[in-house]
Amino acid sequence: MATKYVYLFREGNASMRDLLGGKGAGLAEMTGIGAPVPPGFTITTEACNYYSANDDFPAGLLDQVFEALRDVEQATGKRFGDAENPLLVSVRSGAKFSMPGMMDTVLNLGLNAETKAALARLTGDQRFANDAYRRFIQLFGKIVLGVDGDRFEHVMDEVKAGREDQELSPDELNAIAARFKDIVRQDAGVEFPDDPVEQLKAAIIAVFKSWNGRRAVDYRRLNKISDSLGTAVNVQTMVFGNLGETSATGVAFSRNPSTGEKRLYGEYLINAQGEDVVAGIRTPRPISELEREMPDVYQQFITIANQLEAHYKDVQDMEFTVERGRLYMLQTRTGKRTGFAAVRIAVEMANEGVIDQATAVRRVEPAALDQLLHPTLKPEARAAAHLLARGLPASPGAATGKVVFDPDEAEQLASTGEMVILVRPETAPEDFHGMVAAQAVLTARGGMTSHAAVVARGMGKPCVAGASELRIDVAAGRFAANGTTINKGDYITVDGSTGDVLEGHIETEDPELSGDFEMLMEWADGFRQVKVRTNADTPNDASTARGFGAEGIGLCRTEHMFFEGSRIDAVREMIVAETQEERRAALAKIEPYQREDFAGIFRAMDGFPVTIRTLDPPLHEFLPHADEEIHDLAAKMGVAFGVLKGKIEALREANPMLGFRGCRLGMVYPEITEMQARAIFTAAKQVRAEGVTVLPEVMIPLVQTPEELENQGNIVRRMAEEVGFDGEYMVGTMIELPRAALMAGKIAEIAEFFSFGTNDLTQTAMGISRDDSGRFVPAYVERKVFPDDPFQVLDQEGVGQLVEIGTERGRATRPNLKVGVCGEHGGDPASVNFFVRTGLDYVSCSPYRVPIARLAAAQAALGEVVRDK
């Protein structure tokens, strides 16, 4: 039996989105429930995929097209290409997932000199017929024949001479059409086709080809839509909104897509065709005014909109045309909406009984919650802004401020009330104070898990990383980007949600958390099966995360505490010390600060577990590298410049991320682990006496052998005993090396918990430096070597296997082994889904991603997520 490639609207339904695309399935479903839909048919996505692979139609397709066309002719009483009563059609794309404006549409197809004359005779409106033909030549010439659209627009502008389109006379429209045909002849090298059959075949091919057009490909990559889906083609009887003052065309949503308000929202134009609404040629009117101009049509539309929303149980985005007082529905699809609207709509629909709570939880994109948690740019201000460069959207939110290149200056200016943006080639730990002071961070190098990205996310500050178009001259105090030079003190705006770097001071809007947000989170918590912790290094971060619903700390990075105030000086003394006695003396200066910080974090997380990682980074990260800074430090420490510089050079490593760091520091310098463990348990004992319930978990980093963990664990336990802490605590390790995952069975003999450090596990398993990945990973994603940036979305096939192996082998040894993840993947919805399936006990992420992880974990527990792309 031959493959069926063409479905009449009455033959399809909403469940056939894979085959008919979203638009075709919507038209079929509306037809089935009795909505006034102009007759038509859909060519399937399978036909598109065949054409894409073979550059030809599949056998039998055209026969099915013309058979369907005869059915439409019978339904309308018109004939395609007939000189007496011609059938005109639109040819529109329609993929499974909505891709607004990304593919192509041709209207008024079937017109030529004879059918135009018939259209004028039948409507009694020569101007309308001439305008319809002009529009057809313009659209067909641009979309099907590949003529530059500006060529047509120049002619229109010249003839209109400041007038509106509807002010053009029939003769002027006729002359424009003739000039359009000349342009086609000159630019496309062909005569404009008069045969409606040839027009239709060419338009179908053009829509098929638009699936692989640049706009569509870029949109799919951004929205993670598969290239293999293909687009359907919808051929539909034309209805005309430009047949005078009783005709109109418009677009409307059943609820407000920006705010979620339960009220019809949209726009329309009298005496216009569909593209006029979206093209901005004329200013549309709000849909509410249609009630005054066409009351009967408005009431009918309200009834249909409510019927469609009730039928689909979701907000509908609808296109309609009114032809001489008669309403026609041209499209319905699930309406795209802001994060704020998504939450409100989901909660209100559940409260109305339209959907249940599980569906409400499934329906909100976890990533959309970012819009509720961070400042965003005002849309009208963003639209008018000048784009300087684009980097990676490393930490969401928008901020504006004066450019500074030096972290000390950032701190100084911020202390006087100035709003600053810290711009660096890349950040290092010694820039931390400047990052704290800045409104946002911008770097030319680095990826989504670079130092700048991780620290900014932890603080909830916007960050754009890896903006490679920037040419930064720190010494001169300026940067250049795509022909524009920005000097120190100039205003820029950074949008960490999109990666955009914009010139000037652009207004932002502060987020507001509503009762609907709290309600949705409460429902989500009722479904999820894993705990959600946070990565937090300060009491303030911990309090912020707890406010967002964090159930403990999954990663407290002790080294981030070293950069506040004068602490760094003592740390540097410890690093350059020549003897154990000198190191212990320096560590004694650091210990009170550590103890104070741990006590603050324990108080903030009263009743929840706190996982504290012992010192991890390579020591050279804490030291200055410029001669001027080394001179200053030498003077502070009372040592010779040459001696200090020699020590710093001796600590330099060829590959520091695989060098002297993590547990290796504690193995060689056990006094470091002793100091940190003593500070942890002294603080725990102190706050316990205050009535705080404290649950410390000490995590040893970069372990790959049981012996390393045994050595460091013994030190930790000895310190707990020495300070007299008799409460509950655990000692475990980060699994961040492939060997550790493979050796998990033996390591679990000692470890009481595992936490997968997926940032470093990805780095070591894939052999990719996360700080340098921005140079080539985007190209890998673009060429489909990687489905996603592996530092943003977990590589489930490769790195994911190590997580599965480590979890399975660890629990084979210790069945009650607590297993979590503390890399940035803990806040990525797709990765969270994997961790839930793998059986982890908790995920941990930066404070402002806690709600996202909570919702993603709930959706993972509920199974398939109900949402439209």
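Residues numbered from 1 in each chain as written. Predicted model: local features only at pLDDT ≥ 70, side-chain atom pairs only at ≥ 80, totals over all residues. Heavy atoms only, no water.

Undergrad: I'm lost on the packing of aromatic side chains in this one. Help?
TA: To describe a pair of aromatic rings, one takes the distance between the centres and the angle between the planes. Taken as a whole, this structure holds 19 aromatic pairs when the rule is applied. Their ring planes at 65° and their centres at 4.8 Å tell us that phenylalanine 681 and tyrosine 729 sit as a pair that is edge-to-face. Highlighted residues: phenylalanine 681 in helix H27 (residues 670-689) and tyrosine 729 in the loop between helix H28 (706-723) and strand E30 (730-735), separated in sequence by 48 residues. Residue classification places tyrosine 729 among the partly exposed residues on the basis of a relative accessible area of 23%. Put simply, the rings of Tyr51, Phe57 and Phe208 pair up and form one aromatic cluster. Across from the ring centre of tyrosine 7, 4.8 Å away, lies the NZ or CZ of lysine 4, which sits over that ring. Over the ring of tryptophan 211 we find arginine 220; its NZ or CZ atom is 3.8 Å from the centre of that ring. (Phe/Tyr/Trp six-rings, centres within 6.5 Å; stacked < 30°, edge-to-face > 60°. Helix = DSSP H or I, 4+ residues; strand = E, 2+ residues; numbered from the N terminus. Buried < 20%, exposed > 50% of the residue type's maximum accessible area, 1.4 Å probe, protein only. Lys NZ or Arg CZ within 6 Å of the ring centre and 35° of its normal.)

Undergrad: Whenever I open this one, the nonpolar core confuses me. Can you help?
TA: Nonpolar side chains tend to gather and get buried jointly when the protein is soluble and globular. Core analysis: the biggest nonpolar cluster contains 89 residues, and Phe602, Phe681 and Phe754 have the highest contact counts within it. Ranked by the residues each element gives to this core, the list is headed by helix H13 (residues 339-351), at eight residues. What phenylalanine 602 contacts, discounting residues up to four positions off in sequence, is Val610, Ile612, Ile680, Ala683, Ala684, Val687, Val692, Val694 and Pro696. Formed by 66 residues, the second largest nonpolar core is a distinct cluster that contains Val89, Ala129, Ile137 and Leu243. (Core = buried A, V, L, I, M, F, W, Y, C linked by side-chain atoms within 4.5 Å. Contact = heavy atoms within 4.5 Å.)

Undergrad: Looking at this model, I keep getting lost on the sheet that holds strand E8 (residues 248-253). Mind explaining?
TA: The pairing of strands in a sheet comes from backbone hydrogen bonds and takes either a parallel or an antiparallel form. In space, the five strands of this open sheet follow the order E10-E9-E8-E11-E12, with antiparallel pairing throughout. Sheet topology places strand E10 (285-286) and strand E12 (326-334) at the edges, where each strand pairs with a single neighbour. Direction of pairing for E8 relative to strand E9 (residues 265-270): antiparallel, over a ladder of six bridges. What sits directly across from threonine 249, in E9, is leucine 269. Contacts from helix H12 (residues 295-312) reach E8, strand E11 (316-323) and E12 within the one sheet, and its direction differs from that of E12 by about 25°. (Pairing = 2+ DSSP bridges. Axes fitted to C-alpha atoms, helices over the stretch in contact; angles between N-to-C directions.)

Undergrad: Help me understand the sheet that holds strand E16 (residues 398-404) in this model?
TA: Across the sheet, eight strands lie side by side as E14-E24-E23-E16-E17-E18-E19-E15; this open sheet has mixed pairing. Single-partner strands in this sheet number two, and they are strand E14 (386-390) and strand E15 (392-395). Neighbour-to-neighbour, the strand axes of this sheet turn through a mean angle of 35°, independent of strand direction. As paired elements, E16 and strand E17 (residues 420-424) share three bridges and run parallel to each other. Considered in E17, the bridge of lysine 402 is made with valine 420. Sheet contacts for helix H17 (residues 407-415): E16 and E17; angle to E17, the most-contacted strand, approximately 180°.

Undergrad: Explanation requested: the environment of valine 217 in the structure shown.
TA: Summarising the element assignment, valine 217 is placed in helix H9 (residues 214-223). C-alpha separation for the pair valine 217 and glutamate 782, spaced 565 residues apart in sequence, amounts to 9.7 Å. In contact with valine 217, other than residues within four places in its own chain, are Trp211 and Asn212.

Undergrad: How do you make sense of a nonpolar patch on the surface when you look at a structure like this?
TA: Nonpolar side chains collect at one region of the surface, where Phe776, Tyr780 and Val785 lie side by side and expose about 250 Å² of accessible area between them. With respect to the secondary-structure elements, valine 785 resides in the loop between helix H32 (777-782) and helix H33 (799-813). (Patch = residues over 30% accessible without salt bridge, like charges linked within 9 Å, V, L, I, M, F, W, Y side chains within 5 Å. Areas by Shrake-Rupley, 256 points an atom, 1.4 Å probe, with all protein chains shown as cover. Salt bridge = Lys/Arg side-chain N within 4 Å of Asp/Glu carboxyl O.)

Undergrad: Help me out: how do you make sense of the packing of helix H1 (residues 17-32) against H12 in this one?
TA: For any two helices packed against each other, one specifies the crossing angle of their axes together with the interaxial distance. Packing of H1 against H12 brings their axes to within 12 Å, and their N-to-C directions diverge by 110°. As judged from the angle between their axes, H1 and H12 are roughly perpendicular. Here H1 runs over H12; the crossing is right-handed. Contact residues: Ala25, Gly26, Glu29 and Met30 in H1; Leu308, His311 and Tyr312 in H12. Looking at side-chain class alone, the contact of H1 with H12 contains four nonpolar, two polar and one charged residues. (Parallel < 35°, antiparallel > 145°, perpendicular 65-115°, else oblique. Left-handed = near helix turned anticlockwise from the far one by under 90°. Nonpolar A, V, L, I, M, F, W, Y, C, P; charged D, E, K, R; others polar.)

Undergrad: Would you take a moment to explain the environment of lysine 224 for this structure?
TA: Turning to its location among the elements, lysine 224 is positioned in the loop between H9 and strand E7 (231-237). Overall, the relative accessible area of 52% leaves lysine 224 in the exposed class. Along the primary structure lysine 224 and proline 787 are separated by 563 residues, whereas in three dimensions their C-alpha atoms are 8.6 Å apart.

Undergrad: Sorry if this is basic, but what is going on with the pairing of strand E20 (residues 470-473) here?
TA: The side chains of a regular strand alternate between both faces of the sheet. In the sheet, E20 pairs with strand E21 (residues 478-481) via four bridges, with the strands oriented antiparallel. Counterpart to aspartate 473 in the pairing with E21 is arginine 478. Between the antiparallel neighbours E20 and E21 lie four residues, among them glycine 477 with a positive phi of about 75°.

Undergrad: Honestly, helix H3 (residues 61-76) in this entry has me stumped. Any pointers?
TA: Each α-helix winds once per 3.6 residues, and so residues spaced three or four apart point in a common direction. Taking 1.5 Å as the rise per residue, H3 with 16 residues should run 22 Å; its terminal C-alpha atoms sit 23 Å apart, in good agreement. Within H3, the full set of buried residues consists of Leu61, Gln64, Val65, Ala68, Leu69, Val72 and Glu73. Taken from the residues just after H3, glycine 77 is the one with a positive phi, measuring 75°. (Expected span 1.5 Å × (residues − 1).)

Keep in mind these values describe shape, not function.
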